[in-house]
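Survey of secondary and tertiary structure
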Amino acid sequence: MDTFENISELKKRIESGDVTIGVIGLGYVGLPLAVEFAGKGIKTIGIDIDTAKIDSLKSGKNYIEDISDELVSGVIKGGSLALADNFDGCGECDALFICVPTPFTANKDPDISYIIDAAMKISHNLKKNQVVILKSTTFPGTTEKYVRPLLESSGLIAGEDFYLAFSPERIDPGNKVWTTSNTPIVVGGINQISTDLACGFQRLAVSEVVPVSTPAVAEMEKLLENIYRSVNISLVNELARLCDRIGINIWEVIDAASTKPFGFMPFYPGPGIGGHCILIDPYYLAWMAREHDFVTKFITLAAEINEDMPFYVRAMVIKEIAKQEVTLRTAKVLILGMAFKKDVNDLRHSPALKVAELLMEEGITNISYHDPYIPEIELKGDVLQSEPELTATMLGRFDIVLITTGHSVFDFELIAANSRVVIDTRNACKGIESGNIILLGEGK
Ligand SMILES: NC(=O)c1ccc[n+]([C@@H]2O[C@H](COP(=O)([O-])OP(=O)(O)OC[C@H]3O[C@@H](n4cnc5c(N)ncnc54)[C@H](O)[C@@H]3O)[C@@H](O)[C@H]2O)c1
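Residues numbered from 1 in each chain as written. Predicted model: local features only at pLDDT ≥ 70, side-chain atom pairs only at ≥ 80, totals over all residues.

1. A short note on the overall build of the chain
Counting its secondary structure elements, the chain contains 14 helices and 15 strands. Taking 22 Å as the expected radius of gyration for a compact globule of 444 residues, we find that the chain reaches 24 Å, a close match to that expectation. For the chain, the residues scored as buried account for 45% of the 444 residues in total. Within the chain, counting contacts between residues at least 6 apart in sequence, those at least 24 apart form 67% of the total. (Helix = DSSP H or I, 4+ residues; strand = E, 2+ residues; numbered from the N terminus. Rg over C-alpha atoms; globule rule 2.2 N^0.38 Å. Buried ≥ 20, exposed ≤ 12 C-beta atoms within 10 Å, placed from the backbone. Contact = placed C-beta atoms within 7 Å.)

Structure, rendered in structure tokens:
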């Protein structure tokens, strides 16, 4: 068969769902994607180098909150999702989705070593007509300058023998409305055939696919999405601090501004940003820009403002301790919510953890926390277990109760009624009239 025949045969198989999908990296992005394909009866191979994750899934334990345990165990038992801790099965796949982490280094430079590792391992098994789709968030140029040459080290030529595209992930863990299947996805291939094929594979799992002209456009648009959030959150964080200084309630200001039906979108202040995306992505772009003698001043300033918020919250805690008959050494602080955002079990770069560390550094060592999603944390070398239950008696033991993540399961009436002082960094106690609540940005 010539290339044209191969492609039209592959397109027909994509349309009928008679294809095999490989998903590399089964974390917050990869597992829901793999389950989405497998749930539609498409033969899927999930690959992760973390053997513990593979074993956990094989034994029926699902670690991603957003997908149901029954769905995960159903596709595994039913045989549509096979699992492996090696890349041996890659050769069987028509499309390979790379969903590995893209963290930053201690100096906040991009660390794309996981992408490099995955691409190298794919190259050892790469076959003609396979389509490789990078989904990990990264700086513009990664697909063309890093992934492409690694895959071509197999001897096959990108765009001719195999196909390559970037298609950023938009999953929002904890979001019950917008999920893997109904959130539109952008796709940019290295040539038209790559884009068409990658779009075709994505359509099997996602309702709307938006093609763009190049992988770099897709890489950059993903950074725009996340940096847009970082910049707007930093704006309200700065305004919250100003409002605290001048005695205006930022939350009321944002609610009032939100009544404008066009040209305004609300963002809210908080103890800082965390997770694997919004905190990291501005640094990916700033790093890449420097290579081109360009300094992303505005974007970097926004990231700095956000990263200063845990320090601001520490100052709020110290101020409230100073008003009580306790010292920094004796004060008992309960942190409510350790995850980086509400209703998820993700601790990565959590501002709550940062606040806890900063309090410890200040000599506030009597720290406890409660988070039903995070059973234990490591704090300055010690392992701390979550307080088992949120009760009136338990709340009464603490001098300060600090709300860092407003999980929906928390009973904020109970918290307000039974705590000496509540420092609320999320407006989680909105609507509760109680003199013991100190709200970030309330202007008091
Ligand atoms: N978490 C989110 O909400 C989210 C949203 C959009 C985009 N993203 C992006 O998606 C990517 C993945 O994020 P995540 O949150 O799913 O990460 P994660 O850490 O939850 O999962 C990544 C998985 O990849 C595995 N892995 C690492 N190296 C590997 C390799 N060489 N081969 C096979 N498996 C490997 C890890 O063991 C892990 O299970 C990142 O680039 C992130 O920025 C994440």
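After that view of the structure, there is still more to cover.
2. Side note on the sheet that holds strand β15 (residues 437-439)
With respect to topology, five strands assemble into an open sheet ordered β10-β9-β13-β14-β15, the strand pairing being parallel. Edge positions in the sheet fall to β10 (366-370) and β15, since each of these pairs with one other strand and no more. Here the strands of the sheet are splayed against their neighbours by 20° on average, with no regard to which way each runs. One ladder, built from three bridges, connects strand β13 (residues 400-403) with strand β14 (residues 422-424); its direction is parallel. (Pairing = 2+ DSSP bridges. Axes fitted to C-alpha atoms, helices over the stretch in contact; angles between N-to-C directions.)

3. Some thoughts on the environment of V236
The topology assignment puts V236 in helix α8 (residues 215-246). Of the residues examined, V236 has 22 C-beta atoms within 10 Å and is grouped as buried. The residues touching V236, leaving out its near neighbours within four places in the chain, are I250, I254, F267, Y268 and P269.

4. Some words on unusual backbone geometry
The phi dihedral of D293 falls on the positive side, at around 55°, and the residue is not glycine. Tracing the backbone through its elements, the reader meets D293 in the loop between α10 (281-291) and α11 (297-322). Its identity is not glycine, yet N427 carries a phi of approximately 60°, on the positive side. Along the chain, N427 turns up in the loop between β14 and β15.

5. Points about the domain arrangement of the chain
Once the domains are mapped, the chain shows domain 1 (3-213) and domain 2 (250-439). Taken together, the contact pairs 15 residues of domain 1 with 15 residues of domain 2. Across the side of domain 1 that touches domain 2, the residue classes break down as eight nonpolar, four polar and three charged. (Domains from an automatic or database assignment. Nonpolar A, V, L, I, M, F, W, Y, C, P; charged D, E, K, R; others polar.)

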